[in-house]
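Structure at a glance
These are the residues of each chain, in order.
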Amino acid sequence: MRQQVEAALDEVRPTMLADGGNVELVEVTDDGIVRVRLMGACGSCPMATVTLKMGIERVLLERVPQVKQVVQVG
């Protein structure tokens, strides 16, 4: 499942990189929780929650059926 999540994250990375940010995959749990770290401009952006839920989580839920939730860490 981790490889599928990485592949899906690769789909959203170009947009994030264009805005000076990035996303790092921290963990994928057996129960479908994906933990990510927003980096660069995305880490401190006031719209980070929107990026996480409407961008990253939406894509992961569509591409990887086992994913239940995406959570931002540190």
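Below is a short write-up of the structure. The structure displayed is predicted, hence computed values, not measured ones.

Things to note about the overall build of the protein chain
When helices and strands are tallied, the protein chain shows three helices and three strands. Listed N to C, the secondary structure of the protein chain is α-β-β-α-α-β in terms of helices and strands. The C-alpha atoms of the protein chain give a radius of gyration of 11 Å, which matches the 11 Å a tight globule of 74 residues would have. In terms of its C-alpha atoms, the protein chain occupies a principal-axis envelope of roughly 30 × 20 × 20 Å. When each of the 74 residues of the protein chain is scored for burial, the buried share is 36%. Split by element, the accessible area of the protein chain, about 4300 Å² in all, is 53% carbon and sulfur.

Points about helix H1 (residues 2-18)
The first and last C-alpha atoms of H1 sit 24 Å apart over 17 residues, in line with the 24 Å expected at 1.5 Å per residue. In H1, a bend of some 40 degrees at Val12 exceeds every other bend along the element, and Pro14, a proline, comes one to four places later. Burial in H1 covers these residues: Val5, Ala8, Leu9, Val12, Arg13 and Met16. The secondary structure elements touched by the buried residues of H1 are strand E1 (21-28), strand E2 (33-40), helix H2 (41-44) and helix H3 (48-63). Positive backbone phi, approximately 85 degrees, marks Gly20, located one or two places after H1.

Some points on the pattern of salt bridges
A pair can form between side chains of opposite charge whenever their charged atoms are brought close. Across all of its chains, the model carries eight salt bridges by this definition. For Glu11, the salt bridge is made with Arg63, and the minimal N-O distance between the two is 3.0 Å. A residue pair is termed long-range when its members are at least 10 positions apart, and Glu11 in helix H1 and Arg63 in helix H3 qualify at 52 residues. On the basis of relative accessibility, which here comes to 42%, the residue Arg63 falls in the partly exposed class. Here Arg35 and Glu27 are joined by a salt bridge, their closest N and O atoms 3.0 Å apart. Its relative accessible area of 33% is what places Glu27 among the partly exposed residues. Via salt bridges that share partners, Glu11, Arg58, Glu62 and Arg63 belong to a single interconnected network.

Definitions and cut-offs
Along each chain, residue indices are assigned from 1 in the same order as the chain's sequence is written. Thresholds applied to this predicted model are a pLDDT of at least 70 for local features of residues and 80 or more for the giving and counting of side-chain atom pairs; totals over whole chains, interfaces and linings are not thresholded and use all residues. Excluded from the side-chain calculations are hydrogens and water; all other atoms, namely the structure's heavy atoms, are used. Strands here are runs of E lasting at least two residues and helices are runs of H or I lasting at least four, both read from the DSSP assignment and numbered beginning at the N terminus. Atoms considered for the radius of gyration are the C-alpha atoms alone. The globule rule reads 2.2 Å times the number of residues to the power 0.38. The classification of residues rests on relative accessible area computed with a 1.4 Å probe and restricted to protein chains. Under 20% of the type maximum is buried, over 50% is exposed, and intermediate values are partly exposed. Every accessible area reported is derived by Shrake-Rupley at a probe size of 1.4 Å, with residue values counting cover from the shown protein chains alone. Under the convention used throughout, the expected extent of a helix is 1.5 Å for every residue step, that is, one less than its residue count. Here the bend at a residue is taken as the angle between two axes, fitted respectively to the seven residues that end there and the seven that start there. The contact criterion used throughout is that any non-hydrogen atoms of two residues lie within 4.5 Å. The salt bridge definition used is simple: a Lys or Arg side-chain nitrogen within 4 Å of an Asp or Glu carboxyl oxygen.

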